[in-house]
Amino acid sequence: MSLLRNSIFSTIAIMAVALTQTSCNRQMIYCHYENIDTDGWRRNDTIYFEIPNNRDGNYAEILGLRIIGDYPYSNLSLIVSQRCNTQETTKSDTINIETTNEKGIPKGSGTNYRQMDIPLSTVNLKAGDTLSVSIRHCMQREILPGIANVGFSLKDTKE
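Basis of the calculations
Residues numbered from 1 in each chain as written. Predicted model: local features only at pLDDT ≥ 70, side-chain atom pairs only at ≥ 80, totals over all residues. Heavy atoms only, no water. Pairing = 2+ DSSP bridges. Helix = DSSP H or I, 4+ residues; strand = E, 2+ residues; numbered from the N terminus. Axes fitted to C-alpha atoms, helices over the stretch in contact; angles between N-to-C directions. Buried < 20%, exposed > 50% of the residue type's maximum accessible area, 1.4 Å probe, protein only. Salt bridge = Lys/Arg side-chain N within 4 Å of Asp/Glu carboxyl O. Contact = heavy atoms within 4.5 Å. Polar contact = N/O pair within 3.5 Å; in protein donor to acceptor, adjacent residues only side chain to side chain. Phe/Tyr/Trp six-rings, centres within 6.5 Å; stacked < 30°, edge-to-face > 60°. Lys NZ or Arg CZ within 6 Å of the ring centre and 35° of its normal.

Visitor: I keep staring at the sheet that holds strand β5 (residues 75-84) and nothing clicks. Help me out?
Guide: Pairing between sheet strands relies on hydrogen bonds along the backbone, with the strands arranged either parallel or antiparallel. Ordered in space as β3-β8-β5-β6, the four strands form an open sheet in which the pairing is antiparallel. Since the sheet does not close on itself, it has two edges, and those belong to β3 (47-52) and β6 (90-98), each with one partner. Neighbour-to-neighbour, the strand axes of this sheet turn through a mean angle of 20°, independent of strand direction. Note that β3 and strand β8 (residues 130-137) share six bridges and pair antiparallel. Bridge assignment links I51 to a residue of β8, and that residue is L131.

Visitor: Looking at this structure, I do not really get the pairing of β5. What am I missing?
Guide: Note on strand geometry: in a regular strand, side chains alternate between the two faces of the sheet. Of all ten residues in β5, eight are buried; the element is thus mostly enclosed. Two strands pair when backbone bridges link them, and β5 and β6 are joined in this way by nine bridges, in the antiparallel orientation. Bridging from a neighbouring strand, L78 pairs with I95 of β6. Where β5 hands over to β6, the hairpin turn is made up of five residues, counted between the paired strands. Inspection of the sheet shows β5 paired to β8 by seven bridges, in the antiparallel sense.

Visitor: Looking at this model, I keep getting lost on the sheet that holds strand β1 (residues 28-35). Mind explaining?
Guide: Strand order in the open sheet formed by four strands is β1-β10-β4-β7, and the pairing between neighbours is antiparallel. Bordering the open sheet on either side are β1 and β7 (114-125), each of which pairs with just one other strand. Between one strand and the next, the sheet's axes are offset by a mean angle of 15°, whatever the strand orientation. Alignment of strand β4 (residues 57-67) against strand β10 (residues 147-156), held across nine bridges, turns out to be antiparallel. When the bridges of β10 are listed, I62 appears paired with S153.

Visitor: Can you walk me through the pattern of salt bridges in this structure?
Guide: Pairing of side chains with opposite charge becomes possible as their charged atoms draw close. Using the criterion set out here, one finds two salt bridges in the structure. Here E142 and R43 are joined by a salt bridge, their closest N and O atoms 3.2 Å apart. Of this pair, E142 sits in the loop between β8 and β9 (143-144) while R43 sits in the loop between β2 (41-42) and β3, and the two are 99 residues apart along the sequence. Exposure remark for R43: the relative accessible area of 27% places this residue in the partly exposed category.

Visitor: Which parts of the structure should I look at to understand the environment of V133?
Guide: Position of V133 among the secondary structure elements: in strand β8. C-alpha of V133 to C-alpha of F152: the two residues are 19 residues apart in sequence and 8.4 Å apart in space. When residues no more than four places from it in sequence are discounted, the contact partners of V133 are I47, Y48, F49, I51, V80, S81, Q82 and F152.

Visitor: Would you mind showing me how to read the side chain of Q115 here?
Guide: Locating Q115 in the fold gives a position in strand β7. A residue is classified by how much of its surface remains accessible, and Q115, at 18% relative accessible area, is buried. A polar atom in the side chain of Q115 sits 2.6 Å from the side chain of Y33. Here the side chain of Q115 touches R66 through a polar contact of 2.9 Å, side chain to side chain.

Visitor: Sorry if this is basic, but what is going on with the packing of aromatic side chains here?
Guide: Aromatic ring pairs are reported here in terms of the distance separating the ring centres and the angle at which the planes meet. Tallied over the full model, the rule gives two aromatic pairs. With 5.9 Å between their ring centres and 75° between their planes, Y71 and Y73 make a pair best called edge-to-face. Note on Y71: relative accessible area 7%, which makes it buried. Exposure remark for Y73: the relative accessible area of 31% places this residue in the partly exposed category. Just above the ring of Y33 sits the side chain of R66; from NZ or CZ to the centre is 3.7 Å.

Below, the structure is given as structure tokens:
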């Protein structure tokens, strides 16, 4: 009986260690999502992210979207603006995202919410820098339905 109990304990311990190691993503230094109003995303509703940085490095920027089934378009156009507190310039890009494939099948993973992660660019930050990011849609429709959350992530490119 003691041998069986030790075997079960060992199996549970190994599973716990494996789960801990696979669930931790040391590359991710920042990941945050903002909820969009259930009535829709208004064109003048800009989403802001303030990202403090603790160490020097190059970081991959990733835009995250969670889309629900009533999104009426096959694409999405966003304006993403960035400014670092130690730099004099603001970078602004229009990002065009295909939300369905050529057959009209939605892109992304998930069922109720489709998760899309869109790589943007790489940014070099120093310890003490703060990256300010703003995101807004630039679609013709004033109120855009079907976007549940918008997020922004930074991943260390070295690890």
